[in-house]
Each structure stands twice: as structure tokens, then as C-alpha cells.
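Here is what each chain is made of, one letter per residue.
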Amino acid sequence: MLELHDAPLAPLTTFRLGGPATRLVTATTDAEVIAAVRAADADGTPLLVIGGGSNLVIGDKGFDGTALRIATRGVELTGTRLELAAGEVWTDAVARTVEAGLAGVECLAGIPGSAGATPIQNVGAYGQEVSSTITEVIAYDRRAGETVTLSNAECAFSYRHSRFKGDPERYVVLRVRFELEDAGGLSAPLKYAETARALGVEAGDRVPLAAARETVLKLRAGKGMVLDAEDHDTWSAGSFFTNPILTAADFAAFHARVRERLGEGVEPPSYPAGDGHTKTSAAWLIDKAGFTKGYGSGPARISTKHTLALTNRGEATTEDLLALAREVVAGVRDAFGITLVNEPVMVGAGL
């Protein structure tokens, strides 16, 4: 187990932002992960678990405690069953499933980060979410002091949320198990209209797995959502805000604000979200509130490719980023009466 003191954390995040940790421990086995967690808990030391750092905003002052970088490796593929160690690179794992001819996560290609983070956020994109294929999550339960196996139902998945995100101090994910589909080399039925259009098929159709993955990668790259060290549009956490889910009353009030601001003929994006709720688009809200692609004049700006991504242009601080995020939140609230919620985890920072 590698241990460093006063260790920079910015290089461990896709934003490349944040101050140092008092102590940084890199664990390469489940046993090392558990040992590091137990040691921190026994000492009462604050603990920050870091995977791929793609959904993390660290304050400029850093983290006064132990940062635990999970660098475990392990892929087991048996038939349609897949088990990944938490430290496995997610986009590489997706590529392996496609090569194996298995469907279920092919539209999650190109998402940066580690496998262990996927159930925490219930990672989703282009019509797929990991909750539809995860069968079990093996985690260390800090409260019970033991390793536990949680079923899909026990993970309490919902939109960009889970039991792990709801109780962030309790569990450290060690391994994730998936049940994929052998559809004869074809993808799962395409649910996302943009993907289907790009492939020249109808929603609900299946296409060759490799074609689905390659198309998603192209779509993501066009939005600056595939990591590229030379492209500052990818120095981000991807989508910085979640898509708002509104009650019927809230959506009606929002709709009225849209008509008042943009005209009678303008219809905001709306998607059924269950139980009488409606989901709308955070990217649309941001754009229509006046924060267009490339907005900003400082070192933190909205991506030139996608309004939902806030980016570090190379010399930003975390406070620069937060100032921009607060400006966007205030502008959308003033324009449409909706308060956007950040998607990345904030450590020593907040809106």
C-alpha cells in the first residue's frame, strides 16, 4: 500500500482542481482497501474515497484527512455474468463486454471513472443505466465493520442516486456484479432517440454492439465528454447538473414561465418520470437562461461543446468553478423558477 503525505489531489480528478490531502493511500487489493478504511475509522480520521475522480470537486484547501485511492484490478466474465473490481477503468470494461458480444452497458461507453463508482451514482447515459444490469454490489460496511453483499433491490437505485449516495459515510464499494445479455452480437434495444437517429434506425431497434459503442463514443466526443488531455472541454466532471424532476404543479408553473419568457409557441423538453412527475433538461434550461456554449471570460467556463459541462480552461481554481456554477444556478432560478442541483460530489466545497 503506497502512502504519501501532503499529497496533491488535483491530478486525481478530471477537473484537475483542488488542494492536497494530509495523507494519500493507494490500495491495490480489497484487503488493503478495508485495512485503510478500518485504520481511519479507528483513529477518527476523516476519509475521502477516490476512484477515477470524474465526479469529484475538491476545494482549494484540499482535504484534512486520509484520501484513499482505490486502484484494485480484476475482471471475471463467466457466460453473461460480469464481476468488476472497484478500481477497474469503466470505459475499458465496457469495451470488453462489447468484444465478448454481451449487451447491456454498450451505451455507457466513454464515461470516465471507475467501476466502483457506477452504482453510487447509478451512472446512466444514452438510454441505459447501470441499475438495469447490476445484480449485486460487494461493499465494506463501515457501520457494521464487515463486508456485505447488497442485491439490486437493496441498492435502492433511482435517477442518479442509490443507497450508497444517500449514506455516503457508510459503504465503500469493493466489487460490482452485472448480468448482461447475449443477443447474438446485437445491442440492447436502443432507448435514446439521438442514438437511434445517428445509427439510422428506430428507437427500440437493436444494432451490432460495436456500432452502438462507436456511435456513443462519437456523440460523447462531440460534446467534450470523452477524456482528452489536450481538450480543455474535457477538463470537467461531465454533466455538472442533474436534470430536474418536477411535480405536476411545479411543471405547470415552469411551463408558464417558459411561455412568459420565450413565447407561446415554445415547449420545454419533457419526459415522463413516474408517479406524475416530469423530467426536463438542465442543458436546455441553462442555454435558454442565457448561458450558452463557451460562456464565461475567466479560467472556468461553460464547455464550447455542451452547456451542461463546466470546465477548467487550464488555470482555474475550484473557487473559480464554484463562482461560475453559482452564477448559472442563480440565472436559471431567476429565469424559470427551478433550482439546479450539482451532480458531482463536493468535498470542502459547495454551492
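Residues numbered from 1 in each chain as written. Predicted model: local features only at pLDDT ≥ 70, side-chain atom pairs only at ≥ 80, totals over all residues. Heavy atoms only, no water.

## Some details on the sheet that holds strand β2 (residues 20-27)
Pairing is mixed in the open sheet, where 4 strands are placed in the order β1-β2-β5-β3. The two strands at the open ends of the sheet, each matched to only one other strand, are β1 (2-8) and β3 (47-50). This sheet shows a mean twist of 25 degrees between the axes of neighbouring strands, independent of strand direction. (Pairing = 2+ DSSP bridges. Helix = DSSP H or I, 4+ residues; strand = E, 2+ residues; numbered from the N terminus. Axes fitted to C-alpha atoms, helices over the stretch in contact; angles between N-to-C directions.)

## Let's talk about the sheet that holds strand β15 (residues 278-279)
Reading across from one edge, β13-β15-β14 is the order of the 3 strands in this open sheet, with antiparallel pairing throughout. Each end of this open sheet is capped by a strand with a single partner; those strands are β13 (245-246) and β14 (271-272). As paired strands, β13 and β15 are joined by 2 bridges and run antiparallel to one another. Its bridge partner lying in β15, Leu246 is registered against Thr278.

## A short note on the packing of aromatic side chains
Aromatic ring pairs are described here by two measures, namely the spacing of the ring centres and the angle between the planes. Evaluated as defined, the whole model comprises 10 aromatic pairs. Geometrically, the ring pair formed by Phe164 and Tyr171 is edge-to-face, given 5.6 Å between the ring centres and 80 degrees between the ring planes. When sorted by exposure, Phe164 lands in the same class as Tyr171, which is buried. Here the aromatic cluster, defined as three or more aromatic residues joined through ring pairs, consists of Phe251, Phe254, Trp284 and Phe336. Above the plane of the ring of Trp235 lies Arg16, whose end atom (NZ or CZ) is 4.1 Å from the centre. Geometry around Phe336 places Arg261 over its ring, the cationic atom sitting 5.7 Å from the centre. (Phe/Tyr/Trp six-rings, centres within 6.5 Å; stacked < 30°, edge-to-face > 60°. Buried < 20%, exposed > 50% of the residue type's maximum accessible area, 1.4 Å probe, protein only. Lys NZ or Arg CZ within 6 Å of the ring centre and 35° of its normal.)

## So, the side chain of His306
By the element assignment, His306 lies in the loop between β16 (300-302) and β17 (310-312). Owing to a relative accessible area of 16%, His306 belongs among the buried residues under this scheme.

## A closer look at the environment of Thr78
Mapped onto the secondary structure, Thr78 falls in strand β6 (residues 75-78). Residue classification places Thr78 among the exposed positions, given a relative accessible area of 58%. In the structure, Thr78 is positioned 220 residues away from Gly298 in sequence and 50 Å away in space, judged by C-alpha atoms.

## What to know about the pairing of strand β10 (residues 134-141)
Most of β10 sits out of view: 6 of its 8 residues are buried. The loop that links β10 with its antiparallel partner strand β11 (residues 146-151) comprises 4 residues; one of these, Gly145, has a positive phi angle of about 70 degrees.

## Some words on the side chain of Gln128
By secondary structure assignment, the location of Gln128 is in strand β9 (residues 128-129). In terms of polar contacts, Gln128 uses its side chain to reach the side chain of Glu106, at 3.0 Å. Setting aside its immediate chain neighbours within four residues, Gln128 contacts Gly104, Val105, Glu106, Cys107, Leu108, Val123 and Ala188. (Polar contact = N/O pair within 3.5 Å; in protein donor to acceptor, adjacent residues only side chain to side chain. Contact = heavy atoms within 4.5 Å.)

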